[in-house]
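# Structural features, examined
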Amino acid sequence: MQTIDKFNFAGKKAFVRVDFNVPLDENFNITDDNRIRAALPTLKKIIADGGSLIIGSHLGRPKGATEKFSLKHIIGRVSELLGVEVQFASDCMGDEPAAKAAALKPGEALLLENLRFYAEEEGKPRGLADDATDEEKAAAKKAVKESQKNFTKALASYADCYVNDAFGTAHRAHASTALIANYFDTDNKMFGYLMEKEVKAVEKVMKDINRPFTAIMGGSKVSSKIEIIENLLTKVDNLIIAGGMTYTFTKALGGKIGNSLCEDDKLDLALELLEKAKASNVNIVLAVDAKIADKFANDANTQFVDIDNIPDGWSGLDIGPKTEVLFADVIKNSKTILWNGPTGVFEFENFTSGSHAVGVAIVEATKNGAFSLVGGGDSVACVNKFGLADGVSYVSTGGGALLEAIEGKVLPGIAAIQEA
Ligand code: AMP
């Protein structure tokens, strides 16, 4: 497999798929430029080598070309951060981008307009009437898949090589994230630095595991995490279950959970998962106490109680102090750690303690040599909120992509490069 470090971009045009899907305010100002910064090492390496850049990205979920989702709003910031005056092609298809790409000199950069202005990027039909028949839907799907080939080929024609640095969309088999790779031979396609880091981090928790391996699964619902939990049961030594999903397990085991979050249709599933864990010799670590509240609000009255003895009218919004110690002990004795999902309603200041304690224990374990990966949504917000991001080994930039990777799925954007 080709790697970006070994590749010399001198005199080459590189099509780089990045994830510049940044949040914009109502005046189109970027409110968080982390995604642009995350791609800089890759973009700068290509420029430094004497290559030129054709940068492709999506922004938002447009249904066609719209001002709101135009990437022209971000050219200024991209130019500033990259240190190069970035040119813009107001369409990603047609004569304009082709001519601008052809005219690029070493060290120059061109940003293409939002790839998702075309349905061909995602390969999904648009504008179907609500009452479209199954035949009409199938015909529209076939048509867009057909035109997707020309779209992908046109994107590939702008460049000599392809670099994928968009981990956030690696779980999508889109034109620019996966299909385009077919138009480059093995030596001319590679991951960017960000993708490389993400792929390596995932491999450390999925394949190349240093034991004991502990996963902390929090968040709100069991139903949204079943596939992850099932896959993790084949990998981990300890599985800590936290957050709102705790109470479905507690109730399934016969405990009193008051008004805590519970998925009553998942009680049997919770017991099944516990059985599976036993059969796989996985140590499931459940909360023993909770911080309960008399309403779903930061200023609720609170008390600490045993997890299986929550009075009616009260709900568990975070783990209690005994559980914090229990979880921290397991975490500190681990050599590989994966954290997905807060232990409580961390958006309320009074229910952050459990998530904070988990974060601190992970940082300590990391200091002692453990590899720790945090990702997949709200746990990233947690480590950032608590200022702990620098103390963990890796904070993933990919929400859905990371979750699919830990569900054990093959990500099309990764496979397109790795399995070439
Ligand atoms: P998820 O997106 O599944 O990772 O869930 C994250 C959400 O779970 C956050 O918004 C938390 O507020 C919520 N959450 C965590 N613990 C609880 C709890 N005990 N009760 C209700 N919601 C919770």
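Residues numbered from 1 in each chain as written. Predicted model: local features only at pLDDT ≥ 70, side-chain atom pairs only at ≥ 80, totals over all residues. Heavy atoms only, no water.

### Observations concerning the packing of aromatic side chains
Using the criterion set out here, one finds six aromatic pairs in the structure. Judged by centre distance (5.5 Å) and plane angle (40°), the ring pair of Tyr118 and Phe151 falls under tilted. In this pair, Tyr118 is assigned in the loop between strand S4 (109-112) and helix H4 (119-122) and Phe151 in helix H5 (residues 134-157), connecting sequence segments 33 residues apart. On the basis of relative accessibility, which here comes to 24%, the residue Tyr118 falls in the partly exposed class. Seen in terms of ring centroids, Phe348 and Phe351 are 6.4 Å apart; in terms of plane orientation they differ by 65°. Their pairing is edge-to-face. When sorted by exposure, Phe348 lands in the same class as Phe351, which is buried. Here the aromatic cluster, defined as three or more aromatic residues joined through ring pairs, consists of Phe15, Tyr162 and Phe184. Sitting above the plane of the Phe351 ring, Lys291 keeps its charged end 5.3 Å from the centroid. (Phe/Tyr/Trp six-rings, centres within 6.5 Å; stacked < 30°, edge-to-face > 60°. Helix = DSSP H or I, 4+ residues; strand = E, 2+ residues; numbered from the N terminus. Buried < 20%, exposed > 50% of the residue type's maximum accessible area, 1.4 Å probe, protein only. Lys NZ or Arg CZ within 6 Å of the ring centre and 35° of its normal.)

### Describing the sheet that holds strand S10 (residues 283-286)
For sheets, the rule is that strands pair by backbone hydrogen bonds, running either parallel or antiparallel. Taken together, the six strands give an open sheet; going across it, the order is S10-S8-S7-S15-S16-S17, and neighbouring strands pair in parallel fashion. At either end of the open sheet lies a strand with only one pairing partner, and these are S10 and strand S17 (394-395). Judged from the five bridges that link them, strand S7 (residues 213-217) and strand S15 (residues 336-340) form a sheet pairing that is parallel. Directly across from Ala215, in S15, lies its bridge partner Leu338. Running over the sheet, helix H11 (residues 353-367) touches S7, S15 and strand S16 (371-374) and is turned about 155° from S15. (Pairing = 2+ DSSP bridges. Contact = heavy atoms within 4.5 Å. Axes fitted to C-alpha atoms, helices over the stretch in contact; angles between N-to-C directions.)

### Re the pairing of strand S8 (residues 238-241)
Side chains on a regular strand alternate between the two faces of the sheet. On S8, burial covers both faces: Asn238 and Ile240 on one face and Leu239 and Ile241 on the other are all buried. The sheet contact formed by S7 and S8 spans four bridges and is parallel. Across the sheet, residue Ile216 finds its bridge partner in S8, namely Ile240. Note: S8 against S10, four bridges, orientation parallel.

### A look at the pairing of S16
The two faces of S16 match: Phe371 and Leu373 on one face and Ser372 and Val374 on the other face are all buried. With four bridges connecting them, S15 and S16 associate as parallel partners. Across the sheet, Ile337 pairs through a bridge with Ser372, a residue of S16. Handedness of the crossover is the feature at issue here: the chain leaves S15, passes through H11, returns alongside S16, and the resulting connection is right-handed. (Right-handed = clockwise from strand over helix to strand, strands pointing away.)

### Digging into the UniProt feature "binding site: ATP" (unreviewed entry) in the protein
In the numbering used here, UniProt assigns the feature "binding site: ATP" (unreviewed entry) to Lys225, Gly316, Glu347, Gly376, Gly377, Asp378 and Ser379. These annotated residues cover 155 residues of sequence, and their C-alpha atoms reach 22.9 Å apart at the extreme, placing them across more than a single site. On the secondary structure map, Glu347 appears in the loop between S15 and H11. Those residues in contact with Glu347 that lie beyond four places of it in its chain are Asp378 and Lys385. Looking at the secondary structure, you find Gly376 in the loop between S16 and helix H12 (378-385). (UniProt positions renumbered as here; feature names shortened; annotations may be inferred.)

### Here we look at the site of the ligand
Around the ligand, the surrounding shell holds 13 residues, and the nearest of these are Ser220, Gly244, Gly316, Glu347 and Asp378. Ser220 is positioned with one of its backbone polar atoms (N or O) 3.1 Å from an oxygen atom of the ligand. At a separation of 3.2 Å, an oxygen atom of the ligand approaches a polar side-chain atom of Lys225. In isolation the ligand exposes 500 Å². Once the protein is present, 81% of that is buried. Residue classes in the shell around the ligand are distributed as four nonpolar, six polar and three charged. (Near = heavy atom within 4 Å. Polar contact = N/O pair within 3.5 Å; in protein donor to acceptor, adjacent residues only side chain to side chain. Areas by Shrake-Rupley, 256 points an atom, 1.4 Å probe, with all protein chains shown as cover. Nonpolar A, V, L, I, M, F, W, Y, C, P; charged D, E, K, R; others polar.)

### Section: the sheet that holds strand S14 (residues 315-319)
Spatially, the three strands line up as an open sheet ordered S12-S11-S14, and their pairing is antiparallel. The two strands at the open ends of the sheet, each matched to only one other strand, are strand S12 (302-306) and S14. This sheet shows a mean twist of 40° between the axes of neighbouring strands, independent of strand direction. Sheet topology note: the strand S11 (residues 289-293)/S12 ladder contains five bridges and is antiparallel. Paired with Ala290 across the two strands is Val305, which belongs to S12.

### With respect to the environment of Phe327
As for its position among the elements, Phe327 is in helix H10 (residues 321-332). Taking the C-alpha atoms as reference points, Phe327 and Ala361, separated by 34 residues in sequence, lie 8.4 Å from one another. When near neighbours in sequence (up to four residues on either side) are disregarded, Phe327 contacts Ile240, Ile241, Ala242, Val285, Leu286, Ala287, Ile319 and Val358.

### Things to note about unusual backbone geometry
In this model, Arg211 is joined to Pro212 through a cis peptide bond whose omega is 0°. Here Pro212 lies in the loop between helix H6 (193-206) and S7. The backbone of Phe28 sits at a positive phi, close to 65°, despite the residue not being glycine. Along the chain, Phe28 falls in the loop between strand S1 (13-17) and helix H1 (34-49). For Phe28, a relative accessible area of 27% puts it in the partly exposed group. Located in the positive-phi region is Asn281, a residue other than glycine, with phi close to 60°. Under the relative-accessibility criterion, Asn281 is labelled exposed at 70%.

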